[in-house]
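# Remarks on the overall topology
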Amino acid sequence: MKKLLLVYNPVSGHAAFKSKLDSIIEAFQRRKILLSMYRTRRDDNSNFADCVNESHVDGIISAGGDGTLHAVVNWLMKSKIDLPIGIIGSGTSNDFATYLGINENTESYFDRIAAGNTRKVDIGVVNEEEYFINVASAGAMTAIAHEVNVKLKNAFGKLAYYIQGLGELPKFKSIKIQVAANGVNFEFDAFLFIVLNSGTVAGLKKVADFASIDDGKLDFLAVKKCSPAKLIKITRSLFSGKGVNVKDENIFHLQAKKFFISSKTDLTSDIDGEIGSPLPIEIDTIPKALNFFV
């Protein structure tokens, strides 16, 4: 019988996943898969690697939001554990699962896990120490996710980020950013930048249709300094599902394996929705580093 470790965050989303545990266990048992449980803790998960190694599992299932998946990816990479990862998106934001299209039909997805269907994907690493599966960013928008009121987030989910973000648009200030990639240096004023692995960001499914999770590269996007009217137009386009137009004079796009990003302004990065390192940062791609159940 195949054995998987279910890593679940008891407080992600509306903290409702715990009520689904029994049905999840039953669904996997029907497929002759035994689940072991690992409950994440806010203060200490240092025994994760020991739990994985001692339980002799065939794979990991991450149940939570993007933050839970980010933690699982980092635990596996830093412990040099090579196991396929599945995702049960139960957080406020489930961008990578959305990009993979695995949240739309859970029963079908569980069938594919049982069949062992996997796909190798790239991941990014910041300063050779913090890994990310989906996005690294900094600038005007990145602080919003950390400032959203918990009650607002629980009540409105991803919409809470948009509500907060729209309210902050008139206050946005540009910052001067320096980017080095592909042997070329760039400098410009921008409101924010994002380094993408997938094309789904902040619940927006088609931010970057050109992004690929297995091409060995990452995509750098920046919204350059522009008038409030143009900024609102770009934001409205993103919210409507039209994605980023890289031909727009206010958008800077660059694809590369490695980036060095700096600014004279004090900026702290955001990595998969978690607070990251202050700039300057070096971002590198690790091609096809992990297997994901798809």
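Keep in mind it's a predicted model, so treat the numbers as computed, not measured.

Moving on, we get to the overall build of the protein chain. Counting its regular elements, the protein chain contains 9 helices and 15 strands. Split into buried and exposed, the 294 residues of the protein chain put 50% on the buried side. When contacts within the protein chain are restricted to residue pairs at least 6 apart in sequence, long-range pairs at least 24 apart make up 75% of them. Carbon and sulfur atoms provide 50% of the accessible area of the protein chain, an area that totals close to 14,100 Å².

This part takes up helix α3 (residues 66-78). An ideal rise of 1.5 Å per residue puts 18 Å on 13 residues; α3 measures up with 18 Å between its terminal C-alpha atoms. Counting buried positions along α3 gives 10 out of 13 residues, so the element sits mostly inside the fold. Three or more residues of α3 are buried, namely Asp66, Thr68, Leu69, His70, Val72, Val73, Asn74, Trp75, Leu76 and Met77. Two residues or fewer past α3, lysine 80 is found with a positive phi of approximately 55°.

A few words on the nonpolar core. Counting residues in each nonpolar core, the largest one holds 47 residues, and the members touching the most others are Phe28, Phe48, Ile60, Val73, Phe96, Ile113 and Phe292. Take this core: its biggest share by element is 6 residues, from α3. Apart from residues lying up to four places away in sequence, phenylalanine 48 is in contact with Leu5, Val7, Tyr38, Ile60, Trp75 and Leu76. The next biggest cluster of nonpolar side chains, apart from the first, holds 25 residues, and it includes Ala190, Leu218, Ala256 and Ile261.

What follows concerns the pattern of salt bridges. Tallied over the full model, the rule gives 10 salt bridges. Two residues, glutamate 26 and arginine 30, come together in a salt bridge whose shortest N-O distance is 2.8 Å. Within this pair, glutamate 26 and its partner arginine 30 are both found in helix α1 (residues 21-30), separated by 4 residues, close to a single helical turn. Through salt bridges with shared partners, a single ionic network connects Glu26, Arg30, Arg31, Glu107 and Asp111.

So, on to the packing of α1 against helix α5 (residues 106-115). α5 packs onto α1 with a crossing angle of 45° between their chain directions and a minimal axis gap of 10 Å. Judged by the angle between their axes, α1 and α5 are oblique. Read as a crossing pair, α1 and α5 show a hand that is right-handed. Residue-level contacts link Ile24, Ala27, Phe28 and Arg30 of α1 to Glu107, Phe110 and Ile113 of α5.

With that settled, consider the packing of aromatic side chains. The tally for this structure, following the rule as stated, stands at 11 aromatic pairs. Centroid distance tyrosine 8 to phenylalanine 17: 5.9 Å. Interplanar angle 40°. Geometry classified as tilted. Pair check on accessibility: tyrosine 8 and phenylalanine 17 agree, each one buried. Between the aromatic rings of phenylalanine 220 and phenylalanine 259, the centroid separation amounts to 5.9 Å while the plane-to-plane angle is 35°, which identifies the pairing as tilted. Of this pair, phenylalanine 220 sits in strand β10 (residues 218-224) while phenylalanine 259 sits in strand β12 (residues 258-262); the two residues are 39 residues apart in sequence, bridging distant segments of the chain. Phenylalanine 259 matches phenylalanine 220 in its accessibility class, with the two residues each being buried. Aromatic ring contacts, followed pair by pair, group Phe186, Phe188, Phe193, Phe220, Phe252 and Phe259 into a single cluster.

Time to look at unusual backbone geometry. Note that the residue after leucine 279, namely proline 280, is joined by a cis bond; omega there is 10°. Its place among the elements puts proline 280 in the loop between β14 (274-278) and β15 (281-293). Positioned with a positive phi, lysine 32 is a non-glycine residue whose angle comes to about 60°. As for its placement among the helices and strands, lysine 32 is situated in the loop between α1 and β2 (33-39). A positive phi angle, close to 60°, is found at glutamate 128, a residue other than glycine.

Here we take up the pairing of strand β5 (residues 118-126). Across 8 bridges, β5 lies against β15 in antiparallel orientation. Across the sheet, the residue bridging to lysine 120 is asparagine 291, located in β15. Bridge count between β5 and strand β6 (residues 130-132): 3 bridges; the pairing is antiparallel. Within β6, the position partnered with glycine 124 by the bridge is phenylalanine 132. Here β5 hands over to β6 after 3 residues, with asparagine 127 in that stretch at a positive phi of 55°.

Conventions we followed
- Residues numbered from 1 in each chain as written.
- Predicted model: local features only at pLDDT ≥ 70, side-chain atom pairs only at ≥ 80, totals over all residues.
- Heavy atoms only, no water.
- Helix = DSSP H or I, 4+ residues; strand = E, 2+ residues; numbered from the N terminus.
- Buried < 20%, exposed > 50% of the residue type's maximum accessible area, 1.4 Å probe, protein only.
- Contact = heavy atoms within 4.5 Å.
- Areas by Shrake-Rupley, 256 points an atom, 1.4 Å probe, with all protein chains shown as cover.
- Expected span 1.5 Å × (residues − 1).
- Core = buried A, V, L, I, M, F, W, Y, C linked by side-chain atoms within 4.5 Å.
- Salt bridge = Lys/Arg side-chain N within 4 Å of Asp/Glu carboxyl O.
- Axes fitted to C-alpha atoms, helices over the stretch in contact; angles between N-to-C directions.
- Parallel < 35°, antiparallel > 145°, perpendicular 65-115°, else oblique.
- Left-handed = near helix turned anticlockwise from the far one by under 90°.
- Phe/Tyr/Trp six-rings, centres within 6.5 Å; stacked < 30°, edge-to-face > 60°.
- Pairing = 2+ DSSP bridges.

Geometric descriptors of this kind do not, in isolation, establish any biological role.
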